[in-house]
Protein chains: 2
Amino acid sequence: MPSYTAPLEDMMFLFEKLRDNKNYNELEKYKEVSSDLVKDILEEAAKINQNLILPLAKAGDENPAVLENGVVRTPPGYKEAYKKYIEDGWTSLSCDPKYGGQGMPKTVSAFFDEMLSSASLSFKLYSELSIGAYNCINHHASDELKEKYLPKIVEGKWSGTMCLTEPVCGTDLGLLKTKAEKQKDGTYKISGQKIFITSGDHDLTENIIHLVIARATDSPTGTKGISLFLVPKFVVNEDGSVGPRNGISTGSIESKMGIKGSATCVLNFDDAIGYMIGKKDKGLNAMFTMMNLERIVVGIQGLGISEIAYQNSLAYAKERKQGKTNKTKSTNGADFIIEHADIRRSLLNMKSIIEGERALCFWLSQQTEVSLNHQDEKVRQEASDFVSLMTPVVKSLFTDLGMEITNDAMQIHGGYGYTKDQGIEQLYRDNRITPIYEGTNSVQAADLVFRKLSNKNGDIINKFIDLIKTETDLKNEKIKPFTKEFSFYLNILTKFSEWINEKMKTDKDDVSAAANDYLKTLGFVSVAYAWIKVLDVSFKDYNENKNFFDDKINTAKFYFDKVLPRAEQHYKSAISGSSNIMNFKFN
Amino acid sequence: MPSYTAPLEDMMFLFEKLRDNKNYNELEKYKEVSSDLVKDILEEAAKINQNLILPLAKAGDENPAVLENGVVRTPPGYKEAYKKYIEDGWTSLSCDPKYGGQGMPKTVSAFFDEMLSSASLSFKLYSELSIGAYNCINHHASDELKEKYLPKIVEGKWSGTMCLTEPVCGTDLGLLKTKAEKQKDGTYKISGQKIFITSGDHDLTENIIHLVIARATDSPTGTKGISLFLVPKFVVNEDGSVGPRNGISTGSIESKMGIKGSATCVLNFDDAIGYMIGKKDKGLNAMFTMMNLERIVVGIQGLGISEIAYQNSLAYAKERKQGKTNKTKSTNGADFIIEHADIRRSLLNMKSIIEGERALCFWLSQQTEVSLNHQDEKVRQEASDFVSLMTPVVKSLFTDLGMEITNDAMQIHGGYGYTKDQGIEQLYRDNRITPIYEGTNSVQAADLVFRKLSNKNGDIINKFIDLIKTETDLKNEKIKPFTKEFSFYLNILTKFSEWINEKMKTDKDDVSAAANDYLKTLGFVSVAYAWIKVLDVSFKDYNENKNFFDDKINTAKFYFDKVLPRAEQHYKSAISGSSNIMNFKFN
């Protein structure tokens, strides 16, 4: 079984030194979230993840969730762990105190999301969608629904789901067939089949609150006729107690490559009672509140799994001996593989990506809080545009690089990485869902180029480029070699953005064909931007903690030397256009 | 279950049009291998792979090989299929008629290897190592051993293994502990434990012939004291009949991420009778005969799995509807995903890599035959050097790109790709062993840079670069845009090779850290070289088969526009050197 130690030092470094967003620091509601408090929380979080949750990963892989006589049973140990998990209040971490939450900002809860992803993604998924449902209900539902449902969700006694996908409609929600028939009392009867529903049924909570998109019987076809409904597994009585079973049954659960501890369900809705959330026919907007925040969390999943893959690769490289290095001092026998240049390269590739991603994510957490909570609407809007821009990037880049890192981790483990014993191959299989769910990475790339680069507020990508240009124009002589190289790649990003902008007018297929490459270029440059921020602090505060900052500076150097150059290749590959691709006759 | 149709048209195109190696065409022994004969063979090969063997893939994944009461049982259907497989003579395809073989060249048998890899890698592995054992025995063993063992191996009644790895020695064979004690009759008693032995035990054949490396009790430590032994599961009587059980038992079989139908065994040798092959203490040389040819076959495995992944992605893209394209003509509902630019890009990425690899592999098959069979020693030697150069490239590049392609195939299938039903995720898991076994891809990269670029015959990489420079200097105006771009990347390869050559003298760690990148650059340029050959024929013979050659030309165009640019990024990333990597303090 892989071991795991939460990277508290790096997390606290970010929290203490990288809270550099002026608007974030103005937020009244987080003034009391001190370093000491955060340190206490993260230390407790580390304990529960390292001790209680980590073993659930293997347990879930060996004994997947099962459907027996219409009831979904979670793997051994999940129930007991979940009980402790909610007793300790982890489901309520980022929720509003009004509903029993602890009111922690995303600058803290994102670290918890990362740890939980490292420890067991399958277990995490049972509460992750609850937070999504909480956000969606909190933003869009009536006060009555909020008061009835949110406290129990925050407490973790009830959990949540997102029910979007149907057999013929995944990416393309306009095709959905689930219907909602209005009743005299204002409720709806929901009927239809939903598939790939994460935590769609299980035995961990007293009730499950499904957020279901469906088409009212008098609504138009396509995406303009989709409404959102709250549909509980058990109907909730007036007094808030759990009542009779609603018209929802579990048709089957999926047999999957990984995250086997997570129940992925086919749910059949048959005249199930549902309550509309938000406005009729505007369900997709409400659902996207949930989806967008959730997409960032999926990116964090990729980061978390990368971290545990790295830690175990490093430990294995320090204990496994094979072959002699170029400058071996061994007179007899082999050297530890961590002495080999190629293994070191692979480990630094992981480390430089992971720490850069974590820093970028911390930047994004501050922006997200500003977008949700700042008092100035203009400031909120600008932050929201940056969050929207970076959401598909974080979702796709972090999960794709998670595949690269778990792949490299297997490679470092050699044949032992391919067998079940070590648990390394499981990291790879578990992570493999992350580039697929919550919108495949290609869907993210299309979302980025067609909807996020510019919007009604103007040219968002240029604002972003201006922002990072200003923030990376630093005076410190030691940082100059980094900022100089950064400028070269920022210039490529600028040219690539102009190319996209131009092609948007002349040939959208060029844009579509280039979308994945563009996302990668923007992503690698954005991670480099986060590294520049880390470097700035590292040089300024160097004498405070030389070892730590040396580690940061040298890790950053690797990123700039070996990882960032990929940004250019994506540009070169993309600008050859799409006419050959579009004209190709696939036989 | 994935479907599969052997790519006979492409294979016959290569056999008929790309047999351009003058030395190969001089080989007397293959004069009678006509196109008609090859077509007949490949058509029969397609039938058995598509009909009989393909279903074994899923069967093996669902019912892995098991060890019961000391006996290894293969998955349901394997026994019956293997019986038919050897009755039809497929194990003997490339073997010497002297021992009952059909004497087909690798220009034919490599196609069979590819088809079998597409159909079921697990099933393939039960006979693949037999061919390796055949080659090794045929080249290095005494006539007595050859006559006693080879006919049964060729017939497929007996199978073979390679027993190298031990618990503390994988890559680094110098550490091996298995010992061989000489007996008065000239035989040896072999004792020790071997792990990760593919097809180490099973119920498909009457006997299993293990080729075991071990250290004679009076031999030196390290790699200079390793000898090779033939150790049969059942001792073979004087008359060639199967006698009593030898001192070999199966300790356990591995539970693996993929290729679950293949039994990967821990074998315990306890005073097992063995017969030395070749010279004492020169066992590694003999074993490398087997290993090198085997490494090319592993590359072909990656190609074969890529092919079936592509075929199923293409089929799914033609039947799945999601979203509207930029130029949709649909007034209601979604378009087929094959109309989307990004999906087309992904499919062409697969196709252009696969067909380029197949062409490169065909070039290599000709070189291999020349290296083994040409009458002029100098010609043999030169071909052998090219084969040695290209072996680690084909092994690593094809298997790494196999991961990319099976990954992209899952991505095209979305959530359905992640579930077990479609069998797509199995392709990914099965292929994941190929970058690991027969020497990890990092070991291949180190082998390439330290042993293959130059040897006692001179500067092999420069000879190779000269060869492809000459062969791609073509007059046809239509091919000029391709050769021009090719020159740019060939120049990068040349500079990169010079950099490696220089660093070899000044800092070997720079070379080690750059090895993987160098292999990729050489690989992408080599595949482009193969594409230039295909293009040359395509333009010359265009009018013979316009549709086919249009397809080739446009596929090549994609490769040159979108894939080949990666060669440069690897160069840029590598030349930043290794001092930061080597000095890094991993805490």
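For the structure, check the block above.
If you're wondering where the values come from, they're calculated on a predicted model, not measured in any experiment.

Criteria and cut-off values
Residues numbered from 1 in each chain as written. Chains lettered and ligands numbered in written order. Predicted model: local features only at pLDDT ≥ 70, side-chain atom pairs only at ≥ 80, totals over all residues. Helix = DSSP H or I, 4+ residues; strand = E, 2+ residues; numbered from the N terminus. Rg over C-alpha atoms; globule rule 2.2 N^0.38 Å. Buried ≥ 20, exposed ≤ 12 C-beta atoms within 10 Å, placed from the backbone. Contact = placed C-beta atoms within 7 Å. Nonpolar A, V, L, I, M, F, W, Y, C, P; charged D, E, K, R; others polar. Pairing = 2+ DSSP bridges. Least-squares fit on C-alpha atoms with pLDDT ≥ 70 in both. Axes fitted to C-alpha atoms, helices over the stretch in contact; angles between N-to-C directions. Parallel < 35°, antiparallel > 145°, perpendicular 65-115°, else oblique. Left-handed = near helix turned anticlockwise from the far one by under 90°. Core = buried A, V, L, I, M, F, W, Y, C linked by C-beta atoms within 7 Å.

Trainee: Got a sec to walk through the overall build of chain A? Specific residues and values, please.
Mentor: Per the secondary structure count, chain A includes 19 helices and 13 strands. For 587 residues, the compact-globule estimate of 2.2 N^0.38 gives 25 Å, and chain A sits close to it at 24 Å. With the principal axes as the frame, chain A shows a C-alpha extent of 80 × 60 × 55 Å. A total of 587 residues make up chain A; the buried ones form 59% of that total. Pairs at least 24 apart in sequence give 75% of the contacts found in chain A among residues at least 6 apart.

Trainee: Lay out the interface of chain A and chain B with the relevant residues and their values.
Mentor: Opposite the 67 residues of chain A that make contact, chain B presents 68 residues. For the side of chain A that touches chain B, the secondary structure elements donating two or more residues are α9 (341–373), α10 (377–413), α11 (415–418), α13 (441–452), α16 (508–540), α17 (546–563), α18 (566–574) and α19 (579–583) of chain A. Of the residues belonging to the side of chain A that touches chain B, the class tally is 25 nonpolar, 24 polar and 18 charged.

Trainee: Outline the pairing of strand β4 (residues 179–182) of chain B, supporting the account with residue identities and numerical values.
Mentor: All names here are of chain B. Bridge analysis of β4 against strand β5 (residues 188–198) gives 4 bridges, and the strand direction is antiparallel. Note that in β5 the partner of Lys-182 across the bridge is Tyr-188. Adjacent in sequence and paired antiparallel, β4 and β5 are bridged by 5 residues, among which Gly-186 carries a positive phi angle near 90 degrees. Examined bridge by bridge, β4 and strand β6 (residues 207–216) share 2 bridges and lie parallel to one another. Bridging across to β6, Ala-180 finds its partner in Ala-216.

Trainee: I'd love a proper account of the relation of the copies chain A and chain B, names of residues and values included.
Mentor: For the pair of chain copies, the relating operation is a rotation around an axis with a shift along it. With an RMSD of 0.0 Å, the operation that places chain A on chain B is a rotation of 180 degrees combined with a shift of 0.0 Å along the axis. Such a combination of turn and shift is consistent with a two-fold rotation axis. Among all residues of chain A, the minimum C-alpha distance to the rotation axis is found for Gln-569 of chain A, at 2.9 Å. Interface overlap between copies: 100% of the residues of chain A at the interface are likewise at the interface in chain B, consistent with a symmetric, same-surface contact.

Trainee: Run through the packing of helix α6 (residues 121–140) of chain B against helix α7 (residues 143–155) of chain B, naming residues and quoting values.
Mentor: Residue and element names in this part refer to chain B. Interhelical geometry of α6 versus α7 gives an angle of 160 degrees and a closest axis separation of 10 Å. By the angle between their axes, α6 is roughly antiparallel relative to α7. Our pair here, α6 against α7, has a crossing hand that is left-handed. Residues Ser-130, Ala-133, Tyr-134, Ile-137 and Asn-138 of α6 form the contact with α7, whose own contacting residues are Leu-145, Lys-146, Tyr-149, Leu-150, Ile-153 and Val-154. Of the residues contributing to the contact of α6 with α7, the split by class is 8 nonpolar, 2 polar and 1 charged.

Trainee: Quick rundown of the nonpolar core? Include the residues and the values.
Mentor: Within the largest apolar cluster, 361 residues are counted, with the highest numbers of intra-cluster contacts made by Phe-229 and Ala-528 of chain A together with Phe-229 and Ala-528 of chain B. Sequence-distant contacts of Phe-229 of chain B, that is, excluding residues within four places in its chain, are made with Ala-180, Tyr-188, Ile-190, Val-212, Ala-214, Gly-274, Tyr-275, Met-276 and Ile-277 of chain B.

Trainee: Could you give an account of the environment of Gln-183 of chain A, naming the residues involved and the relevant values?
Mentor: Residue and element names in this part refer to chain A. Mapped onto the fold, Gln-183 is located in the loop between β4 (179–182) and β5 (188–198). Since 12 C-beta atoms lie within 10 Å of it, Gln-183 is described here as exposed. Measuring from C-alpha to C-alpha, the distance between Gln-183 and Ile-273 comes to 9.3 Å, with 90 residues separating the pair along the chain. Contacts of Gln-183, omitting those with residues within four sequence positions, involve Tyr-188 and Lys-189.

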